[in-house]
Amino acid sequence: MKRKYFGTDGIRGQSNIFPMTADLAMRVGVAVGTIFRNGAHRHRVVIGKDTRLSGYMLENAMVAGFTAAGLDVFLLGPIPTPGVAMLTRSLRADIGVMISASHNPFRDNGIKLFGPDGYKLSDDIEEKIEELIDQDMSGQLAKPEDIGRAKRVDGDIYRYIEQAKRTLPRDVTLKGLRIAIDCANGAAYKVAPSALWELGAEVVTIGTEPNGVNINLECGSTHPEALQKKVHEVRADIGIALDGDADRVLIVDEKGTVIDGDQLMAVIADSWAADGMLKGGGVAATVMSNLGLERYLQARRLKLHRTKVGDRYVVEQMRQDGLNVGGEQSGHIVLSDFGTTGDGLVAALQILAVVKRQGKAVSEVCRCFDPVPQVLKNVRVSAGKPLEHEAVRQAIADAEAELAKSGRLLIRPSGTEPLIRVMAEGDDRSKVERIVDELVNVIGSVRNAA
């Protein structure tokens, strides 16, 4: 079923342009409140957000929708996405909401929804929400005496800080480490530096002065150059780059080299396997993860379980196969022993624990394997279905035959932007680059012809 509002990670779009409008946000509140309003008890929802200017508008619109549906609302203010998932369970809420467009520019925003168990909603429930949004919901509104209340509970973010700190092994302290952290002027600008400092580290911060329009602006995990510069400048032992809602992380080693999610998963899987903590005999990762990670795990008799792109699908695979480590190359790392969704801060703490225990430089600890050359390019599309064109299909078939067993090809529409992503990897970089360029040209020519 083609969905109208929900993509791979909730509802997302440009602020004040459909579907990311106050009107739709209010309707989402009514629809979600209606679906999760079961039983006679007072129902409650927790709402967190990142630091985007449009967050105020969407937050108030959703409060109107939820209270109109009869739910009480707890407003958390700026808090990482995993904090919302955790507090949804901790406060026994019926639903959790994160207002964020993650790593996107400030002009975009989004709505992520969590069930009472702290997990993102299933496709089936999202389809039910979509059906309700487009209906007349006046009959679903609460009676005057049952309208919900709303209150701010900013102090509850410290519950998340304490939970994150508890994930660091008891025999490990961060004392003696100089850590540079880039919070992307986003949701973790308060909690992440506080947690690291309280664990004993010397903390140098950038990206901690949000003004509503500078979230992810030349900073954070999508723009690690600022952190690389800061690591060199202050001679930090490690750099930690979060994104706008802090559910993803990249690491910068002491030499200024960026370490992606694939390497981080390898480090954590290795460490947990050695400690007898790794469950399910493997790791869940998306089709975008490097072939080098798969080979590395195979050499250790561990399996890489591939999923569709999106951390929600990683989590589904983890639950299905009993895994407790999963993630994406982009830096979403899901550690189900500690949470229900990607958590940049908690993942960083696991890396820091390995660094401290091994007593080695980050560049040694986090270079588990040599990545197979991988090339990714995007083709912007505004309309049509170029992937269904015969010329494109033939070009893809030819490319797959050429790569054969020495590499891998992946072509997919983006779930959050009007793009087609063309990715290929293989041991021969020049071949991979040529194949990607040829496919991009074919898709582009079909797009332009349409």
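It should be emphasised that the depicted structure is a prediction, and the values quoted were computed from it without experimental measurement.

1. Brief notes about the domain arrangement of the protein
Its domain assignment divides the protein into domain 1 (11–153), domain 2 (159–258), domain 3 (259–342) and domain 4 (374–447). Measuring from the centre of the C-alpha atoms in domain 2 to the corresponding centre in domain 3 gives 22 Å. Taken over both partners, the interface formed by domain 2 and domain 3 buries close to 920 Å², and the fraction arising from carbon and sulfur atoms is 55%. Viewed at the interface, domain 3 and domain 2 are joined by 0 salt bridges. Between domain 2 and domain 3 we count 4 residue pairs in polar contact (both at pLDDT 80 or more) in total. Ranked by residues supplied to the side of domain 2 that touches domain 3, first place goes to strand 11 (residues 249–252) with 3 residues. Its residues assigned to classes, the side of domain 2 that touches domain 3 comprises 4 nonpolar, 3 polar and 3 charged.

2. Details of the sheet that holds strand 14 (residues 303–307)
Ordered by their spatial adjacency, 4 strands build an open sheet running 14-13-15-16, and the pairing between neighbours is mixed. Two strands bound the open sheet, and with one partner strand each, they are strand 14 and strand 16 (333–335). Each neighbouring strand pair of the sheet contributes to a mean axis angle of 20°, computed without reference to strand direction. Sheet analysis places strand 13 (residues 282–286) next to strand 15 (residues 325–327), joined by 2 bridges and oriented parallel. Pairing of A284 across the sheet is with G326, part of strand 15. Relative to the sheet, helix 8 (residues 261–274) contacts strand 13, strand 15 and strand 16, its axis offset from that of strand 16 by approximately 20°.

3. A short note on the UniProt feature "modified residue: Phosphoserine" (unreviewed entry) in the protein
As recorded in UniProt, the feature "modified residue: Phosphoserine" (unreviewed entry) lies at S102. Note on placement: S102 falls in the loop between strand 5 (95–99) and strand 6 (108–114). By relative accessible area, which is 2% here, S102 ends up buried. Leaving out residues up to four positions away in the same chain, S102 has contacts with R12, D50, R52, K112, N216, D243, G244, D245 and D247.

4. Some points on the pairing of strand 10 (residues 238–242)
With respect to burial, strand 10 is a largely interior element, 5 of its 5 residues being buried. On strand 10, burial covers both faces: I238, I240 and L242 on one face and G239 and A241 on the other are all buried. Sheet topology note: the strand 8 (residues 178–182)/strand 10 ladder contains 4 bridges and is parallel. Its bridge partner being in strand 10, I181 is matched across the sheet by I240. Hairpin geometry of strand 10 and strand 11 is characterised by an intervening segment of 6 residues between the two adjacent antiparallel strands and by a positive phi of about 65° at A246.

5. Digging into the sheet that holds strand 19 (residues 419–426)
Pairing is antiparallel across the open sheet formed by 3 strands, whose spatial order is 17-19-18. Single-partner strands in this sheet number two, and they are strand 17 (374–380) and strand 18 (407–413). In this sheet, adjacent strand axes meet at a mean angle of 10° when their direction is disregarded. When strand 17 meets strand 19, the two strands line up antiparallel, connected through 7 bridges.

6. A few points about the packing of helix 6 (residues 191–198) against helix 11 (residues 344–358)
Running from N to C, helix 6 and helix 11 cross one another at 25°; their axes reach a closest spacing of 11 Å. By the angle between their directions, the pair helix 6 and helix 11 is classed as roughly parallel. For the element pair helix 6 and helix 11, the recorded crossing hand is right-handed. Residues A192, A195 and L196 of helix 6 lie in contact with helix 11, whose contacting residues are L345, L349 and L352.

Reading the values: rules and limits
Residues numbered from 1 in each chain as written. Predicted model: local features only at pLDDT ≥ 70, side-chain atom pairs only at ≥ 80, totals over all residues. Heavy atoms only, no water. Domains from an automatic or database assignment. Buried area = accessible area lost by both parts, 1.4 Å probe. Salt bridge = Lys/Arg side-chain N within 4 Å of Asp/Glu carboxyl O. Polar contact = N/O pair within 3.5 Å; in protein donor to acceptor, adjacent residues only side chain to side chain. Helix = DSSP H or I, 4+ residues; strand = E, 2+ residues; numbered from the N terminus. Nonpolar A, V, L, I, M, F, W, Y, C, P; charged D, E, K, R; others polar. Pairing = 2+ DSSP bridges. Axes fitted to C-alpha atoms, helices over the stretch in contact; angles between N-to-C directions. Contact = heavy atoms within 4.5 Å. UniProt positions renumbered as here; feature names shortened; annotations may be inferred. Buried < 20%, exposed > 50% of the residue type's maximum accessible area, 1.4 Å probe, protein only. Parallel < 35°, antiparallel > 145°, perpendicular 65-115°, else oblique. Left-handed = near helix turned anticlockwise from the far one by under 90°.

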